[in-house]
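Here is how the chains run, residue by residue.
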Amino acid sequence: MIDFRSDTVTKPTQAMRAAMAQAEVGDDVYGDDPTVNSLQEMAADMFGFDGALFVSSGTQANLLALMAHCERGDEYLCGQQAHNYKFEGGGAAVLGSIQPQPLNNQADGSILLTDIEAAIKPDDVHFAHTRLLSLENTIGGKVLPQDYLAAAQSLAFNRGLKIHLDGARVANAAVAQGINMSEITQYFDSVSICLSKGLCAPIGSILLGDERLIAKATRWRKMLGGGMRQAGIIAAAAKLALTDQVERLAEDHYNAKLLAQMLVEIPELTVDMSLVQTNMVFATLSEHINSQSLARTLANKGILLSPSHQLRLVTHNDINTADISIFVNALKQAIR
Ligand SMILES: *Cc1c(COP(=O)(O)O)cnc(C)c1O
């Protein structure tokens, strides 16, 4: 199968499976798991934070961050397209009694600083307390500029807000710019990072923050049922995600560019090359093509994609350069 649906479909590498089989473990709720502890220390060090917490998913990492920064009746500012607004089941509202204040994302994924300024509520009984600004990088495969992050950080600081990064794919953002991940995370009070997407770990995300934030998040994690016991089994793979898989993302970015360049040649598709910055390609199908039947035809040839008028094609470790040509040929045939 050549699976373009998401980079979440990546299987753990052989090295990960071997490390998992041999991992030293303990009860992590007691803080006794040496592999989890070493992952957390390594991540804190790598990203320049006091503390790190290994959690079950990116959704849980974002929720813990929101609940650690905000109290009941507070609000966070985020993009209309933000994962932690649109794709996390309303968890902040349901479980944290925290109100989202979504703001328009510009075409490049950023939120205008003037929109952020205008959305910060005055201290008045009518309003929720605005506590937090939450950004996402990459967002829809796009990289937020470093000078934008710096400006957002100073805005947040000047207005007394904390600033969180949903950095599910921050490694892609760093590799695309040829910089260290810590150069991106330096602008934030907390960061969530997925290890189970392009970085190939089977399970797990990391939340970064200062000691106080990590202590609060650890408490909420336990309450939410996220206290895992011999989690060293999965932390062993997660460590390799950080040490062995980050640089490799450049191959996914190369394959995405290649794919986009080949798709541009197909008259029935529209691809905006300026949006191809990391491992995602968005291709709009012309009206007469039925995306459901297209997806069925391709599935019969061993190629998976999510049917939509606007296709999102994601490259990852389990797709190589040859697979790109196989897919493009199959797509041309299916369209004709
Ligand atoms: C995937 C993703 C998440 C959530 O991660 P899960 O591990 O699937 O819960 C959060 N934010 C962004 C931007 C993501 O792409």
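Residues numbered from 1 in each chain as written. Predicted model: local features only at pLDDT ≥ 70, side-chain atom pairs only at ≥ 80, totals over all residues. Heavy atoms only, no water.

**Describing a negative patch on the surface**
Reasoning step 1: On the surface, a cluster of negative charge is contributed by D50, D189, D210 and E211.
Reasoning step 2: Looking at the element boundaries, D210 is found in the loop between β8 (205-209) and α10 (211-223). (Patch = residues over 30% accessible without salt bridge, like charges linked within 9 Å, V, L, I, M, F, W, Y side chains within 5 Å. Areas by Shrake-Rupley, 256 points an atom, 1.4 Å probe, with all protein chains shown as cover. Salt bridge = Lys/Arg side-chain N within 4 Å of Asp/Glu carboxyl O. Lys, Arg positive; Asp, Glu negative; His and termini not counted. Charge placed at Lys NZ, Arg CZ, Asp CG, Glu CD. Helix = DSSP H or I, 4+ residues; strand = E, 2+ residues; numbered from the N terminus.)

**Thoughts on the sheet that holds strand β9 (residues 269-271)**
Within a sheet, neighbouring strands are paired by backbone hydrogen bonds and run either parallel or antiparallel to one another.
Reasoning step 1: A sheet is described by the order of its strands in space; here 3 strands give the open sequence β9-β10-β12, paired in antiparallel fashion. Each end of this open sheet is capped by a strand with a single partner; those strands are β9 and β12 (310-314). Each strand of the sheet is rotated relative to its neighbour by a mean of 30°, with strand direction disregarded.
Reasoning step 2: The pairing of β9 with strand β10 (residues 280-285) spans 3 bridges and is classified as antiparallel. Bridge assignment links L269 to a residue of β10, and that residue is L285.
Reasoning step 3: With respect to the sheet, helix α12 (residues 249-264) is in contact with β9, β10 and β12, its orientation differing from that of β10 by roughly 15°. (Pairing = 2+ DSSP bridges. Axes fitted to C-alpha atoms, helices over the stretch in contact; angles between N-to-C directions. Contact = heavy atoms within 4.5 Å.)

**Observations regarding the packing of aromatic side chains**
Reasoning step 1: The full count for this structure, using the stated rule, is 1 aromatic pair.
Reasoning step 2: Geometrically, the ring pair formed by F4 and F327 is tilted, given 4.5 Å between the ring centres and 40° between the ring planes. With F4 in the loop between β1 (2-3) and α1 (14-22) and F327 in helix α14 (residues 321-335), the pair connects residues that are 323 residues apart, well separated along the chain. Like F4, the residue F327 is buried in the burial classification. (Phe/Tyr/Trp six-rings, centres within 6.5 Å; stacked < 30°, edge-to-face > 60°. Buried < 20%, exposed > 50% of the residue type's maximum accessible area, 1.4 Å probe, protein only.)

**Looking at the nonpolar core**
Reasoning step 1: Counting 55 residues, the largest nonpolar core has F47, F54, L135, L195 and L208 as the members making the most contacts within it.
Reasoning step 2: At 7 residues, helix α11 (residues 232-244) tops the list of elements feeding residues into this core.
Reasoning step 3: By size, the runner-up hydrophobic cluster in this structure holds 29 residues, among which are L259, V271, L305 and F327. (Core = buried A, V, L, I, M, F, W, Y, C linked by side-chain atoms within 4.5 Å.)

**Concerning the UniProt feature "modified residue: N6-(pyridoxal phosphate)lysine" (unreviewed entry) in the chain**
Reasoning step 1: Look at the UniProt record and you will see "modified residue: N6-(pyridoxal phosphate)lysine" (unreviewed entry) annotated at K197.
Reasoning step 2: Of note, K197 is situated in the loop between β7 (190-194) and β8.
Reasoning step 3: Residue contacts for K197: discarding those within four places in its chain leaves D7, T8, T10, A168 and R169. (UniProt positions renumbered as here; feature names shortened; annotations may be inferred.)

**Some remarks on the pairing of strand β3 (residues 74-79)**
Reasoning step 1: By the criterion of burial, β3 is predominantly enclosed, with 6 of the 6 residues buried.
Reasoning step 2: Covered by surrounding structure in β3 are D74, Y76 and C78 together with E75, L77 and G79, the residues of both alternating faces.
Reasoning step 3: Note that β3 and strand β5 (residues 129-136) share 4 bridges and pair parallel. Bridging across to β5, D74 finds its partner in H129.
Reasoning step 4: Here β3 runs beside strand β4 (residues 99-103); their pairing, made up of 5 bridges, is parallel. Of the residues in β4, the one forming a bridge with G79 is L103.

**Overview of the pattern of salt bridges**
Reasoning step 1: Summed over all chains, the structure comprises 11 salt bridges.
Reasoning step 2: The partner of E75 in a salt bridge is K121, with the nearest N and O atoms 2.8 Å apart. With a gap of 46 residues between them, E75 in strand β3 and K121 in the loop between α6 (113-119) and β5 connect regions that are remote in the sequence.
Reasoning step 3: On the basis of relative accessible area, K121 is assigned to the partly exposed category, the value being 21%.

**Brief notes about the packing of helix α3 (residues 58-69) against α10**
Reasoning step 1: With their axes 9 Å apart at the nearest point, α3 and α10 run at an angle of 120° to one another. Compared by their axis directions, α3 and α10 come out oblique. Seen along the crossing, α3 lies across α10 with a hand that is right-handed. Residues Q60, L64, M67, A68 and H69 of α3 pack against L213, K216, A217, W220 and R221 of α10.
Reasoning step 2: Of the residues assigned to the contact of α3 with α10, the class counts are 6 nonpolar, 2 polar and 2 charged. (Parallel < 35°, antiparallel > 145°, perpendicular 65-115°, else oblique. Left-handed = near helix turned anticlockwise from the far one by under 90°. Nonpolar A, V, L, I, M, F, W, Y, C, P; charged D, E, K, R; others polar.)

**Re the site of the ligand**
Reasoning step 1: Around the ligand lies a shell formed by S57, G58, T59, N62, H83, E88, E136, D166, A168, R169, C194 and K197.
Reasoning step 2: In the environment of the ligand, a nitrogen atom lies 2.6 Å from a nitrogen or oxygen atom belonging to the side chain of D166.
Reasoning step 3: Within the side chain of R169, an N or O atom sits 3.0 Å from an oxygen atom of the ligand.
Reasoning step 4: Protein contacts shield 82% of the accessible area of the ligand, which totals 380 Å² for the unbound molecule.
Reasoning step 5: Among the elements that make up the shell around the ligand, the one with the highest residue count is α3 (3 residues).
Reasoning step 6: Of the residues that constitute the shell around the ligand, the class distribution is 2 nonpolar, 5 polar and 5 charged. (Near = heavy atom within 4 Å. Polar contact = N/O pair within 3.5 Å; in protein donor to acceptor, adjacent residues only side chain to side chain.)

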